[in-house]
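Descriptive analysis of the structure
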Amino acid sequence: MSTIIYHNPKCSKSRTTLAILEQKNVDFEIIKYLENPPSSSELKQLLTDLNLEARSLMRKGEPEYKEQGLDDKALTENQLVNAMVKTPKLIERPIVRTSKGVVIGRPPENILSIL
C-alpha cells in the first residue's frame, strides 16, 4: 500500500505534514480532499482505522458545524459522516495512511509513528 495524505494546501499543519513526508523520502499520493472528498464508505473506513467516532473527526470550530446544527447529540454516525462528505471542510486534517496505519497529523509529528 502506498502512503496517502488527505491534504489541504491552505492548512499549515497539512503543509508541515507534507514536508515531513518529503524529508523522509516517502513516496506518497496527495488527495486534496476539499476538491475530491472521500465517499461515505471511504470516510467510514478511515474512522474505523482511526478508531474514532465521526464527531471526533469533525472540525467543530468551522462555521458550517454550527450552521448545520451538527452539535446536536441526537445525530447518528451516518448523519455526521454524510455531513462531512457533503461539506469536506468539516473533516479534520491532515490524515495520513500508510501500510502501518492511519493517523491525524495534529501535531504533524504524529505521522512519524506510521512511517
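Anything mentioned here points back to the structure above.
In what follows, the accompanying structure is described. Source: prediction; values computed, not measured.

Before going further, it helps to examine the packing of helix H2 (residues 40–50) against helix H4 (residues 77–86). Axis separation between H2 and H4 bottoms out at 9 Å; the angle between their running directions is 115°. Pair H2 / H4 crosses with right-handed handedness. Contact residues: H2 offers Ser40, Leu43, Lys44 and Leu47, while H4 offers Asn78, Val81, Asn82, Met84 and Val85. Of the residues assigned to the contact of H2 with H4, the class counts are five nonpolar, three polar and one charged.

Taken as a whole, this structure holds seven salt bridges when the rule is applied. Here glutamate 92 and arginine 59 are joined by a salt bridge, their closest N and O atoms 2.9 Å apart. Placement of the pair is glutamate 92 in the loop between H4 and strand E3 (95–98) and arginine 59 in the loop between H2 and helix H3 (63–67), with a sequence separation of 33 residues. The pair formed by glutamate 92 and arginine 59 is uniform in burial state, with each residue classed as buried.

Note the cis peptide between arginine 93 and proline 94, where omega equals -10°. Looking at the element boundaries, proline 94 is found in the loop between H4 and E3. For the bond running from arginine 106 to proline 107, omega is 0°, close enough to zero to count as cis. For proline 107, the location among the structural elements is in the segment after strand E4 (101–104). Residue asparagine 25 is not a glycine yet carries a positive backbone phi of 55°. The residue asparagine 25 is located in the loop between helix H1 (12–23) and strand E2 (28–32) in this model.

The next subject is the pairing of E3. In E3, alternate side chains face the same way, and those of Ile95 and Arg97 on one face and Val96 and Thr98 on the other are all buried. Where E3 lies against E4, four bridges are found, and the strand directions are antiparallel. Its bridge partner lying in E4, valine 96 is registered against valine 103. Linking E3 to E4, which pair antiparallel, is a turn of two residues.

To continue, consider H1. If you check H1, its first and last C-alpha atoms are 16 Å apart, about what twelve residues at 1.5 Å a residue would give, namely 16 Å. Among the residues of H1, those classed as buried are Ser14, Thr17, Leu18, Ile20 and Leu21. Along H1, the residues classed as buried sweep out an arc of 155° about the axis, all on the same side. Buried positions along H1 lie against strand E1 (3–7), E2 and E3. After H1 finishes, the residue asparagine 25 shows a positive phi value of roughly 55°.

About the cut-offs
Residues numbered from 1 in each chain as written. Predicted model: local features only at pLDDT ≥ 70, side-chain atom pairs only at ≥ 80, totals over all residues. Heavy atoms only, no water. Axes fitted to C-alpha atoms, helices over the stretch in contact; angles between N-to-C directions. Helix = DSSP H or I, 4+ residues; strand = E, 2+ residues; numbered from the N terminus. Left-handed = near helix turned anticlockwise from the far one by under 90°. Contact = heavy atoms within 4.5 Å. Nonpolar A, V, L, I, M, F, W, Y, C, P; charged D, E, K, R; others polar. Salt bridge = Lys/Arg side-chain N within 4 Å of Asp/Glu carboxyl O. Buried < 20%, exposed > 50% of the residue type's maximum accessible area, 1.4 Å probe, protein only. Pairing = 2+ DSSP bridges. Expected span 1.5 Å × (residues − 1). Arc of directions from axis to C-beta.

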